[in-house]
Amino acid sequence: MAHFRVGVVGAGRVGAVLAAALRRAGHDVVAAAGESDASRRRAADLLPGVPLAKPSDVARAVDLLLLTVPDDMLPNVVQVLADSGALHAGQVVVHTSGRHGLAVLAPAAAVGARVVALHPAMTFTGTAVDLTRLGGCVMGLTAGDAERALAEGLVADLGGRPTWVPEEMRTLYHAGLAHGANHLVTLVSEAMGLLAAAGVDDPSGTLRPLLDAALANALEHGDSALTGPIVRGDVQTVAAHLGDISANAPDTVPSYVAMAWATLDRVVTDGRLLPIRALRIAETLAAHDPAGGAHRARVEQLLARAPGRSRAAMEQA
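Quick summary incoming for the structure in this document.

### Some points on the pairing of strand 6 (residues 138-143)
Two faces make up the sheet, and in a regular strand the side chains alternate between them.
Next, step 1: Here strand 6 lies mainly inside the structure; five of its six residues are buried.
Next, step 2: Both strand 5 (residues 114-120) and strand 6 contribute to a ladder of five bridges, which runs antiparallel. The partner of Val116 across the bridge, within strand 6, is Ala143.
Next, step 3: Pairing between strand 6 and strand 7 (residues 161-164): four bridges, direction parallel.

Here it is as structure tokens:
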């Protein structure tokens, strides 16, 4: 890798950490832009001695520009920097959005900049802890042929592992990460709320070994790692769950029902559940779901498409 003069626009949780990692790898971080008090504190902690400046001044001063602003702000930031003349030919402009690919950097490419989309697939705290966590982190890359080696070199300097994402698949790639990680936080928080409502004095400690094992098994084995009342066809247990959740934590009913439908679809599709039990669970879920009729019809369609597998499940039962 060449030695770069690095600047970061958006010294938030991601930007300050990535700039610090590049500095650790031998690059010269010369300027950062961040408007909030939290960003300024992160810059002071992770990038000591690096001056704070306006985004346009940062862009003019560097040959590697990191754009680590929120997704919805990114198009405007790129356009403003390009229109102001702050970007220049030969400059490397990298954004860290998971959703966006190279199209959002078109104004930079139009002035001759080398553009790269680089998204670290991890959650950031915005502290030095993240520098260690970057080791082995998968980073979703999108770049033109001329920039592929450059992009992979940046990932190596950050301590990560590259995975290439086609331009047209960036949003789907990001959706998979958000669904798996962001929604997991919501799911776990709701589960802890149910345990607290049940009088458990340490909800997180109670869930931790179960969740650790479930996540490890799911990543290793996929759908075959599923356990629980829906896979077993325990209709009365599902009904009892919904009754108590409705009484004690009604706001959690929609997400429980949504995940139960998704789980039911998967076990019906692979033939692990007796058709009669699948239909009874569908009826139970439908009673708690305004759109339950449509979901129940989908379960019936899935059963009709896989009669052989359903018969095999009956014989095993």
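### Examining the packing of helix 12 (residues 253-269) against helix 13 (residues 275-286)
Next, step 1: Running from N to C, helix 12 and helix 13 cross one another at 165°; their axes reach a closest spacing of 11 Å. Compared by their axis directions, helix 12 and helix 13 come out roughly antiparallel. Once helix 12 is placed against helix 13, the crossing between them reads as left-handed. Mapping the contact onto sequence places Val257, Ala260, Trp261, Leu264 and Val268 in helix 12 and Ala278, Ile281, Ala282, Leu285 and Ala286 in helix 13.

### As for the nonpolar core
Looking at soluble globular proteins, one finds that nonpolar side chains tend to be buried together.
Next, step 1: One finds Leu64, Val94, Val116 and Leu118 to be the most contacted residues of the largest nonpolar core, which totals 33 residues.
Next, step 2: The dominant element in this core, judged by the number of residues it contributes, is helix 1 (residues 13-24), at seven residues.
Next, step 3: In this view, Val94 contacts Leu64, Leu65, Leu66, Leu67, Val116, Leu118 and Leu154; residues no more than four positions away in its chain are not counted.
Next, step 4: Among the nonpolar cores identified, the runner-up in size contains 23 residues, and Val58, Leu65, Val77 and Leu87 belong to it.

### Focus on the sheet that holds strand 2 (residues 28-33)
Within a beta sheet, neighbouring strands are joined by backbone hydrogen bonds and run either parallel or antiparallel to one another.
Next, step 1: One open sheet accounts for seven strands, arranged 2-1-3-4-5-6-7; its pairing is mixed. Edge strands, defined here as strands with exactly one partner in the open sheet, are strand 2 and strand 7. Sheet twist, expressed as the mean angle between neighbouring strand axes with direction ignored, is 25°.

### Some details on the pattern of salt bridges
Next, step 1: Taken as a whole and judged by the stated rule, the model has ten salt bridges.
Next, step 2: Salt-bridge contacts for Arg99 lead to Asp72; the nearest nitrogen and oxygen are separated by 3.6 Å. Of the two residues, Arg99 sits in the loop between strand 4 (92-95) and helix 5 (106-110) while Asp72 sits in the loop between strand 3 (64-67) and helix 4 (74-83), which places them 27 residues apart along the sequence.
Next, step 3: For Arg133, the salt bridge identified is with Asp130, shortest N-O distance 3.9 Å.

### Some thoughts on the environment of Val111
Next, step 1: Mapped onto the elements, Val111 comes out in the loop between helix 5 and strand 5.
Next, step 2: Sequence-distant contacts of Val111, defined by excluding residues within four places in its chain, comprise Leu87, His88 and Ala89.

### Considering a nonpolar patch on the surface
Next, step 1: A surface patch of nonpolar side chains, amounting to about 250 Å² of accessible area, comprises Leu184, Leu187 and Met259.
Next, step 2: In this fold, Leu187 is placed in helix 8 (residues 170-197).
Next, step 3: Exposure remark for Leu187: the relative accessible area of 41% places this residue in the partly exposed category.

### Re the environment of Asp83
Next, step 1: Structurally, the position occupied by Asp83 is in helix 4.
Next, step 2: For Asp83, a relative accessible area of 60% corresponds to the exposed category.
Next, step 3: Sequence separation of Asp83 and Thr237 is 154 residues, and the distance between their C-alpha atoms is 62 Å.

### Some details on helix 13
Next, step 1: With twelve residues, helix 13 extends 16 Å between its outermost C-alpha atoms, agreeing within 8% with the 16 Å of an ideal straight helix rising 1.5 Å per residue.
Next, step 2: The set of residues buried in helix 13 consists of Pro275, Ala278, Ile281, Ala282, Thr284 and Leu285.

### What about the packing of helix 12 against helix 14 (residues 292-305)?
Next, step 1: Packing of helix 12 against helix 14 brings their axes to within 9 Å, and their N-to-C directions diverge by 15°. One way to sum up the angle between helix 12 and helix 14 is to call them roughly parallel. In the packing of helix 12 onto helix 14, the handedness of the crossing is right-handed. When helix 12 is examined against helix 14, the residues Trp261, Leu264, Asp265, Val268 and Thr269 are found in contact with a partner set consisting of Gly292, His295, Arg296, Arg298, Val299, Leu302 and Leu303.
Next, step 2: Its residues assigned to classes, the contact of helix 12 with helix 14 comprises six nonpolar, three polar and three charged.

Rules and cut-offs
- Residues numbered from 1 in each chain as written.
- Predicted model: local features only at pLDDT ≥ 70, side-chain atom pairs only at ≥ 80, totals over all residues.
- Heavy atoms only, no water.
- Buried < 20%, exposed > 50% of the residue type's maximum accessible area, 1.4 Å probe, protein only.
- Helix = DSSP H or I, 4+ residues; strand = E, 2+ residues; numbered from the N terminus.
- Pairing = 2+ DSSP bridges.
- Axes fitted to C-alpha atoms, helices over the stretch in contact; angles between N-to-C directions.
- Parallel < 35°, antiparallel > 145°, perpendicular 65-115°, else oblique.
- Left-handed = near helix turned anticlockwise from the far one by under 90°.
- Contact = heavy atoms within 4.5 Å.
- Core = buried A, V, L, I, M, F, W, Y, C linked by side-chain atoms within 4.5 Å.
- Salt bridge = Lys/Arg side-chain N within 4 Å of Asp/Glu carboxyl O.
- Patch = residues over 30% accessible without salt bridge, like charges linked within 9 Å, V, L, I, M, F, W, Y side chains within 5 Å.
- Areas by Shrake-Rupley, 256 points an atom, 1.4 Å probe, with all protein chains shown as cover.
- Expected span 1.5 Å × (residues − 1).
- Nonpolar A, V, L, I, M, F, W, Y, C, P; charged D, E, K, R; others polar.

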